[in-house]
Amino acid sequence: MISLVTGANRGIGLEVCGQLAALGHTVLLTARSLEAATAAAGRLGPTVHPLRLDVTSDDVSTVAREVAERFGRLDVLVNNAAVTYDTWQRAATADLRVVGQAAETNLYGPWRLVQALLPLLCKSAHARIVNVSSEVASLTNMGGGTPAYNASKVALNALTRMLAAELRAEKILVNAVCPGWVATDMGGPGGRPVADGAASVVWAATLPDHGPTGGFFRDGRPLPW
Ligand SMILES: NC(=O)c1ccc[n+]([C@@H]2O[C@H](COP(=O)([O-])OP(=O)(O)OC[C@H]3O[C@@H](n4cnc5c(N)ncnc54)[C@H](OP(=O)(O)O)[C@@H]3O)[C@@H](O)[C@H]2O)c1
């Protein structure tokens, strides 16, 4: 299996790469700094290949070309990169430039990657797209706070539903996953181990062909939209 993970130089993305490599996948570990990607991939072994990929940039088309030339297909896309857990903002007074910046990475990043990589995913017999979301995007339980982040992840969940419906005929499984509260730079201290958060993502990246599509999960169990 050929798998590509965004934002994989640290945190959950890095651990997802390690877990997928341990399952025998060839992993494209991408990061917005090639140096950071190279250092991280070097720690994981020879089946992990570093690539520079800032999901807000033209890197996306360069990476699509490179994957086409080197591998000819893509089996798993993990849209993990995200920014702006804006605990300092409230929706009522939020700086909309910050809201836009969050959307640029957290929503348009995954969207532009899917568009660029779809021809390669269509060449896989078992393609999976995993959008790393968060339970804070659940409308059922939504309160106030972290408005830029929440709005971007709600929209990512909507994108997940649309893609799942549109790509059902191609047998591409598309799901949104919450890793839980995880002790990373974004999550801060006190969250659960990174390995547990990553396992929640890897579950959706390695679903069997009869697995679900268009769902929202944590640890393999459905979450309310
Ligand atoms: N941690 C939690 O408690 C928690 C809870 C729910 C959901 N999540 C979700 O889990 C995912 C991973 O979070 P994390 O906790 O591992 O976060 P993290 O430690 O802050 O790591 C974020 C990663 O995203 C990368 N990134 C940011 N902007 C990028 C861009 N434009 N292009 C490419 N990469 C970019 C960062 O790269 P740099 O090193 O270059 O900045 C970094 O590698 C995110 O989608 C997050 O929303 C996390």
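The paragraphs below set out a description of the structure included in this document.

What counts, and at which threshold
Residues numbered from 1 in each chain as written. Predicted model: local features only at pLDDT ≥ 70, side-chain atom pairs only at ≥ 80, totals over all residues. Heavy atoms only, no water. Salt bridge = Lys/Arg side-chain N within 4 Å of Asp/Glu carboxyl O. Buried < 20%, exposed > 50% of the residue type's maximum accessible area, 1.4 Å probe, protein only. Pairing = 2+ DSSP bridges. Helix = DSSP H or I, 4+ residues; strand = E, 2+ residues; numbered from the N terminus. Contact = heavy atoms within 4.5 Å. Axes fitted to C-alpha atoms, helices over the stretch in contact; angles between N-to-C directions. Near = heavy atom within 4 Å. Polar contact = N/O pair within 3.5 Å; in protein donor to acceptor, adjacent residues only side chain to side chain. Areas by Shrake-Rupley, 256 points an atom, 1.4 Å probe, with all protein chains shown as cover. Core = buried A, V, L, I, M, F, W, Y, C linked by side-chain atoms within 4.5 Å.

Looking now at the pattern of salt bridges. Any two side chains of opposite charge can pair, so long as their charged atoms come close to each other. On inspection of all chains with the given rule, the structure shows nine salt bridges. Where arginine 52 meets aspartate 59, a salt bridge forms, and the shortest distance between an N and an O atom there is 2.9 Å. The exposure class of arginine 52 is partly exposed, given its relative accessible area of 48%.

So, about the sheet that holds strand E8 (residues 221-222). Across the sheet, eight strands lie side by side as E3-E2-E1-E4-E5-E6-E7-E8; this open sheet has mixed pairing. Each having just a single partner strand, strand E3 (48-52) and E8 make up the two edges of the open sheet. Sheet analysis places strand E4 (residues 76-79) next to strand E5 (residues 128-132), joined by four bridges and oriented parallel. Directly across from leucine 77, in E5, lies its bridge partner isoleucine 129. Across the sheet, helix H2 (residues 34-44) is in contact with strand E2 (26-31) and E3; its angle to E3 comes to roughly 175°.

We now examine the site of the ligand. Of all residues adjacent to the ligand, which total 28 residues, the nearest are Asn9, Arg10, Asn80, Tyr149 and Thr184. Glycine 7 is positioned such that a nitrogen or oxygen atom in its backbone is 3.1 Å from an oxygen atom of the ligand. Residue asparagine 9 places a side-chain N or O atom 2.7 Å away from an oxygen atom belonging to the ligand. In the complex, the protein chains occlude 92% of the 910 Å² of accessible area that the ligand would expose alone.

By size, the foremost hydrophobic cluster in this structure holds 28 residues, and its most contacted members are Leu4, Leu74, Leu77, Leu117, Leu121 and Ile129. Those elements giving two or more residues to this core turn out to be strand E1 (2-5), helix H3 (59-70), helix H5 (108-121) and helix H6 (147-167). The contact partners of leucine 117, leaving out residues within four places of it in the chain, are Leu4, Ala64, Leu74 and Leu77. In terms of nonpolar packing, the next biggest core, distinct from the first, is built from 26 residues, Val5, Val177, Val202 and Ala205 among them.

Of note in the backbone geometry, threonine 146 takes a positive phi value of approximately 35° without being a glycine. Structurally, the position occupied by threonine 146 is in the loop between E5 and H6.

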